[in-house]
Amino acid sequence: MTGALGARLERLASDLEGTLADLVRLESVSSTADAAVMRRSAEAVAALLEEAGASARLLEVEGAPPYVLAEAPGPPGTHTVLLYAHYDVQPPGPLEDWSGAPFEPAVRDGRMYGRGASDDKAGVVTHLGVLRLFEGRPPVGLKILVEGEEELGSPHIEALFAAHGGALRADVVVIADSTHWRLGEPSLTTSLRGVVDCVVEVRVLEAGVHSGVYGGAMPDALMALSRLLATLHDDRGEVAIEGLHRASPSAVDLEAADVRSQARVRPGVELFGEDDLATRTWRAPAISVLGIDAPSIAEAINQIVPVARAKVSLRTAPGEDAARAMSALVAHLETHAPWGVEVTVTPGSSADAFEGDTTGEVYDHFRAAIEEAWGRPPLDIGVGGTIPLVPGFERAFPDATIVVTGVGEPLSRMHGPDESQDLGELRRNILAEARALELLAEPPR
């Protein structure tokens, strides 16, 4: 890293790593933590932003954990840039799969391990680092929005914009919640898949009955549910729901060996689908069964199970309408059940996909800044995940330029055990964002 920004960042690096460790210790699991824990986490983020020179406050939306909004004015006539990250995290999952305690950060071989270290508390630290680099006096007007329910699908987006849209208005929105191509190989995320989910219930009896007395005459609910879920894919692993949109193929591709290694696929397990891997994971729909409610093995008795439920998630391709995709998913589940069993489908959350326009000076500045920080130009990539706030900003501020940047990379294992953040990549991410803001402050060409 060269230049005055890089020199200042080297002096701040140790403190910023300590800040990331402090944030990892906050057990801000939005799906399970009580309201007091989430509020304390929001207050901790707000205090850090205040210490870095911004004016911070909590935005209240009924039913949602507090949002944090910080502001640092820039010179008159400069752009207003909103920087986004989220402080909530996924549950840790089985503790035996971790090499250490999920909420006790540990640094090994230049990586910080802990739940949320990459997704997305490294995003929070990226924005904090930029504020500290500029000592609270950025070259453009800054707003920093930090959310507490992104991992739930940001269900209060519309309420947030209805109540506080004026305070969030900006010319440029930077979303620090994506991933890089590989360690040391930066990227800009130009598309995101959307997501819809539902709970499907299959019922065969009013109540359980003796499996010896009645077995052979009727199905059990688990068997029927299994057959219904199996109709969601064909024999090649392609999604079998009719009418879903598929986006144009990806311009770059992934290597099967890399995907298998990064995801730790067991030997012998085949990969789904027939398109190139980047198209399959970025540009096409995908179905996952996230959980099943039924008797556990420990609770099993000799009984025909009367009812079983599953949560089904559909990732939608860029260009797909979330409401249309939900209707297609519900219709498929309602019409493909075997043996005349009763099916009830309850729609859940939904979020639209994103396809960005990556032309223009804003993107030129970010590409130049990333190249300075990494020593190589960024690759334009898609990501198969969803960031619900992105289409929310598109709807609320159609004239704003939205830039989706990365913090982690495939080795970060976001949402999995032993999540981690490479600290060198974090420093480069901070430097790139700060340099991009400097370039945005220059007079237009």
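Everything discussed here concerns the structure shown above.
(A) Looking closely at the overall build of the chain. In terms of regular secondary structure, the chain is built from 12 helices and 18 strands. For the chain, the C-alpha radius of gyration of 23 Å lies close to 22 Å, the compact-globule estimate for 445 residues. Seen through its C-alpha atoms, the chain measures out along the principal axes to roughly 80 × 45 × 45 Å. Going through the 445 residues of the chain one by one, you find that 51% of them count as buried. Within the chain, residue pairs in contact and separated by at least 24 positions form 81% of the contacts whose partners lie at least 6 positions apart.

(B) Broad picture of the packing of helix 1 (residues 3-24) against helix 3 (residues 121-133). One can describe the packing of helix 1 onto helix 3 by two numbers: an axis separation of 9 Å at closest approach and a directional angle of 140°. It follows from the interaxial angle that helix 1 and helix 3 lie oblique. As for how helix 1 packs across helix 3, the hand of that crossing is right-handed. Counting all contacts with helix 1, which are made through Leu5, Arg8, Leu9, Leu12, Asp15, Leu16, Thr19, Leu20, Leu23 and Val24, the residues of helix 3 involved are Lys121, Ala122, Val124, Val125, Leu128, Gly129, Arg132 and Leu133.

(C) Examining the sheet that holds strand 14 (residues 342-351) more closely. In space, the four strands of this open sheet follow the order 11-13-9-14, with antiparallel pairing throughout. The open sheet has two free edges, formed respectively by strand 11 (286-293) and strand 14, since each of these has just one partner strand. Strand-to-strand twist across the sheet, computed as the mean angle between neighbouring axes with direction ignored, equals 20°. Two strands pair when backbone bridges link them, and strand 9 (residues 194-203) and strand 13 (residues 307-316) are joined in this way by 10 bridges, in the antiparallel orientation. Pairing of Val199 across the sheet is with Lys311, part of strand 13.

(D) Spotlight on helix 6 (residues 221-230). Taken residue by residue, helix 6 has Ala221, Ala224, Leu225, Leu228 and Leu229 as its buried positions. The buried residues of helix 6 occupy an angular sector of 135° when the element is viewed end-on, so they sit on one face. Pointing more than 90 degrees away from the buried face of helix 6 are the exposed residues Arg227 and Ala230. On the buried face of helix 6, the contacting elements are strand 9, strand 11, strand 13, helix 9 (322-335) and strand 14.

(E) Representation of the environment of Glu299 within the structure. Summarising the element assignment, Glu299 is placed in the loop between strand 11 and strand 12 (303-304). Classification of Glu299 as exposed rests on a relative accessible area of 54%. Note: C-alpha distance between Glu299 and Val259 (40 residues apart in sequence) is 37 Å.

(F) Layout of the packing of aromatic side chains. Applying the stated criterion across every chain, the model contains four aromatic pairs. For the pair Phe161 and Phe393, a centre-to-centre distance of 5.0 Å together with 80° between the ring planes defines the contact as edge-to-face. One end of the pair, Phe161, is in helix 4 (residues 157-168); the other, Phe393, is in helix 11 (residues 389-396), and 232 residues separate them in sequence. Taking 5.9 Å as the distance between ring centres and 40° as the angle between the ring planes, the aromatic pair formed by Phe393 and Phe397 counts as tilted. Each member of the pair, Phe393 as well as Phe397, is classed as buried. Each member of the aromatic cluster is reached from another via a ring pair, and the members are Phe161, Phe393 and Phe397.

(G) A look at unusual backbone geometry. For the bond from Asp119 to Asp120, the omega torsion is 5°, close enough to zero to count as cis. Mapping Asp120 onto the fold places it in the loop between strand 5 (111-113) and helix 3. Despite not being glycine, Asp418 shows a phi value in the positive range, around 55°. Looking at where Asp418 falls in the secondary structure, it is placed in the loop between strand 17 (401-408) and strand 18 (420-422). A relative accessible area of 14% places Asp418 in the buried class.

(H) Seen up close, the pattern of salt bridges. As enumerated under the stated definition, the model contains 23 salt bridges in all. Put simply, Glu409 and Arg111 hold a salt bridge, and the shortest N to O gap is 2.7 Å. With Glu409 in the loop between strand 17 and strand 18 and Arg111 in strand 5, the pair connects residues that are 298 residues apart, well separated along the chain. Arg111 matches Glu409 in its accessibility class, with the two residues each being buried.

(I) A look at helix 4. Here helix 4 spans only 12 Å end to end across 12 residues, well under the 16 Å set by a 1.5 Å rise per residue. Here helix 4 has its buried residues at Ile157, Leu160, Phe161, His164, Gly165 and Leu168. Contacts made by the buried residues of helix 4 are with strand 1 (55-59), strand 2 (67-72), strand 3 (80-86), strand 6 (141-147) and helix 11.

(J) Looking closely at the nonpolar core. Formed by 60 residues in total, the largest nonpolar core has its most connected members in Leu49, Val81 and Leu142. Looking at this core, the element that brings in the most residues is helix 12 (residues 423-441), giving 10 residues. In this structure, Leu82, Ile387, Leu389 and Phe393 belong to the second largest nonpolar core, which totals 30 residues.

Calculation notes
Throughout this document, residue positions are counted from 1 along each chain, in the order its sequence is written. A pLDDT threshold of at least 70 governs which residues receive local features in this predicted model, and a stricter bar of 80 or more applies before side-chain atom pairs are shown or counted, although totals over entire chains, interfaces and linings include all residues. To obtain the side-chain values, all non-hydrogen atoms of the structure were used and water was disregarded. Numbering of helices and strands starts at the N terminus; helices are DSSP runs of H or I of at least 4 residues and strands are runs of E of at least 2. Between the two quantities, the radius of gyration covers C-alpha atoms and the globule rule is 2.2 Å times the number of residues to the power 0.38. For each residue, the accessible area found with a 1.4 Å probe, counting protein chains only, is set against the maximum for its type, and the residue is called buried under 20%, exposed over 50%, and partly exposed in between. What makes two residues a contact is simply this: any of their non-hydrogen atoms within 4.5 Å. Every angle, taken between N-to-C directions, lies between 0 and 180 degrees, and every axis is a line fitted to C-alpha atoms, over only the stretch in contact when it is a helix. In this scheme, roughly parallel covers angles under 35 degrees and roughly antiparallel covers those over 145, while 65 to 115 is roughly perpendicular and the rest are oblique. With the far helix as reference, a near helix turned anticlockwise by less than a right angle produces a left-handed crossing, and one turned clockwise produces a right-handed crossing. A pair of strands is treated as paired once DSSP finds two or more bridges between them. By arc we mean the arc of the directions from the helix axis to the C-beta atoms, nothing more. Between the rings of Phe, Tyr and Trp (Trp by its six-membered ring), a pair exists once the centres lie within 6.5 Å; its type follows the angle of the planes, with under 30 degrees stacked, over 60 edge-to-face, and the other angles tilted. Salt bridge criterion: a side-chain nitrogen from Lys or Arg within 4 Å of a carboxyl oxygen from Asp or Glu. Helices are assigned an expected span. That span is 1.5 Å times one less than the residue count. The term nonpolar core refers to a set of buried residues drawn from Ala, Val, Leu, Ile, Met, Phe, Trp, Tyr and Cys, joined through side-chain atoms within 4.5 Å.

Such coordinate-based values are descriptive only and should not be taken to indicate function.
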